[in-house]
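# Report on the structure
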Amino acid sequence: MRARTGCIRERNGKIYAVVTFTDPVTGKRHFRERKAKNRTEARLLIKELLRAIDLQGARAFQAEKVTFQELATWYRETYLIEPQYRDGNKVAGLRSFEDMRRRLKTLEDFFGKRRIKDITFGDIERYRAERLATPKQRGGGQRTVTGIHRELEILRRMFSVAVREGWLARNPFTSGSKTLISQASENKRTRILTRDEELRLFAACDTPQRRHLRCFLMFLLDTGARKSEALHLRWRNVDFQARVMTLEKHTTKTEQERSLPIPSRLQTELEKLWLQSSQNLDEFVFPVRDPRMSFEKARNEAGLPWLRLHDLRHAFATRLVTGDLPLPMVANLLGHAQISMSMRYTNLNREAIQRAGAILDSLHEIDDQKLLVN
């Protein structure tokens, strides 16, 4: 008896791709059939099933029963785990594991108990469309393409793992005629916080309840640090005398230690916080673990509903570039390994645009004078 065979059968006017396989280890005979639209599709299905058998053996038939929920559970327990450090170096896990678990839950709610082999490129397209049409739970605003892409990136990785583990013959992301995750379609932030808007934001934080928030926002704006880097800063990393702070490598995105200057106004705010704290060097500078809600209230009071915490990092980079600080130095302060990454965070503000216009005007005046002389 042949180890594996494939054929097309018709039953009650319907066409099926049929494959049988004998496990050489157990001698057990396996049988699978899939409904096809026509004979051409049936032949393609047979080739796909036989290829899976050649690669995976009997496991290909076991994999046919794996549901998305089962894959999600395995992926969460295997990959989305809390980071583990040894001698200051991350040896396992992800710093963003909580955020990725939240995104994974959204995917689970949509695909549920469907078998992963039945999820198609079209299903992923529908997921993308439905998520874009679903308002945010908090605030009811429209979801961004960028946010949906982060969810799809997790889904794509999950299917890649399923292929590697032998649960899928092919990643459904590769089955379509277009790209589902395109950076070109993501909204690029070009709005930069102005000085007047900055003052309004700080004024909205000028209350006893938001004292830490005011310093926290000033910290992000004057250092360009990421939110997670700021929240992991401890008092032992702040040197008031040298006016320098150090971000430990296990707290940065690139896992590289980074030093940042402390501007005068930020030093004044940090010194106030230090005097109000227990003055324990091992404590966090900013004890609030998630400042988003208080930040959103403050920005709305300031008339800045568009502002995100990450936009303060953009403003920091743009102001330094506008102030003629060389881009490689800006990249070092931002913690970027490549200057091309820093280019994404620098935008021309109104002052820079006016300066560019003034330079062009002066050049045009020189050209006009030359024409008059000639």
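The present account deals with the structure reproduced in this document.

A separate point is the side chain of T252. Its location among the elements puts T252 in the loop between β7 (244-247) and β8 (258-261). Here the side chain of T252 touches K249 through a polar contact of 3.2 Å, landing on its backbone oxygen. Only 3.0 Å separates the side chain of T252 from the backbone nitrogen of Q256, close enough to count as a polar contact.

This paragraph deals with the sheet that holds strand β6 (residues 238-239). Read from one edge to the other, the open sheet built from three strands follows the order β6-β7-β8, with strand pairing classed as antiparallel. Lying at the two open borders of the sheet, with one neighbouring strand each, are β6 and β8. In this sheet, β7 lies alongside β6 in antiparallel orientation, the contact comprising two bridges. What sits directly across from V238, in β7, is M245.

Let us now look at the packing of helix α8 (residues 211-223) against helix α12 (residues 309-322). Between α8 and α12, whose axes approach to 6 Å, the crossing angle comes to 40°. Residues F216, L217, L220, L221, D222 and T223 of α8 lie in contact with α12, whose contacting residues are L309, L312, A315, F316 and R319. Classifying every residue of the contact of α8 with α12 gives eight nonpolar, one polar and two charged.

Take the sheet that holds strand β1 (residues 4-11) next. An order of β1-β2-β3 is seen for the three strands of this open sheet, with the pairing classed as antiparallel. Across the chains shown, the open sheet's two edge strands, defined by having one partner strand only, are β1 and β3 (29-36). Across this sheet, the average inter-strand angle for adjacent strands is 20°, counted without regard to direction. Examined bridge by bridge, strand β2 (residues 14-22) and β3 share eight bridges and lie antiparallel to one another. Paired with I15 across the strands is A36, a residue of β3.

Turning next to the pattern of salt bridges. Summed over the entire model, instances satisfying the criterion amount to 28 salt bridges. With a shortest N-O distance of 2.9 Å, E33 and R11 are connected by a salt bridge. Of this pair, E33 sits in strand β3 while R11 sits in strand β1, and the two are 22 residues apart along the sequence. For E33, a relative accessible area of 31% translates into the label partly exposed. Note that D99 and R103 form a salt bridge whose closest N and O atoms lie 3.1 Å from each other. You can see D99 and its partner R103 sitting in helix α4 (residues 97-111), four residues apart, about one turn around the helix. Overall, D99 belongs to the partly exposed group, its relative accessible area being 29%.

The rules behind these values
- Residues numbered from 1 in each chain as written.
- Predicted model: local features only at pLDDT ≥ 70, side-chain atom pairs only at ≥ 80, totals over all residues.
- Heavy atoms only, no water.
- Helix = DSSP H or I, 4+ residues; strand = E, 2+ residues; numbered from the N terminus.
- Polar contact = N/O pair within 3.5 Å; in protein donor to acceptor, adjacent residues only side chain to side chain.
- Pairing = 2+ DSSP bridges.
- Axes fitted to C-alpha atoms, helices over the stretch in contact; angles between N-to-C directions.
- Contact = heavy atoms within 4.5 Å.
- Nonpolar A, V, L, I, M, F, W, Y, C, P; charged D, E, K, R; others polar.
- Salt bridge = Lys/Arg side-chain N within 4 Å of Asp/Glu carboxyl O.
- Buried < 20%, exposed > 50% of the residue type's maximum accessible area, 1.4 Å probe, protein only.

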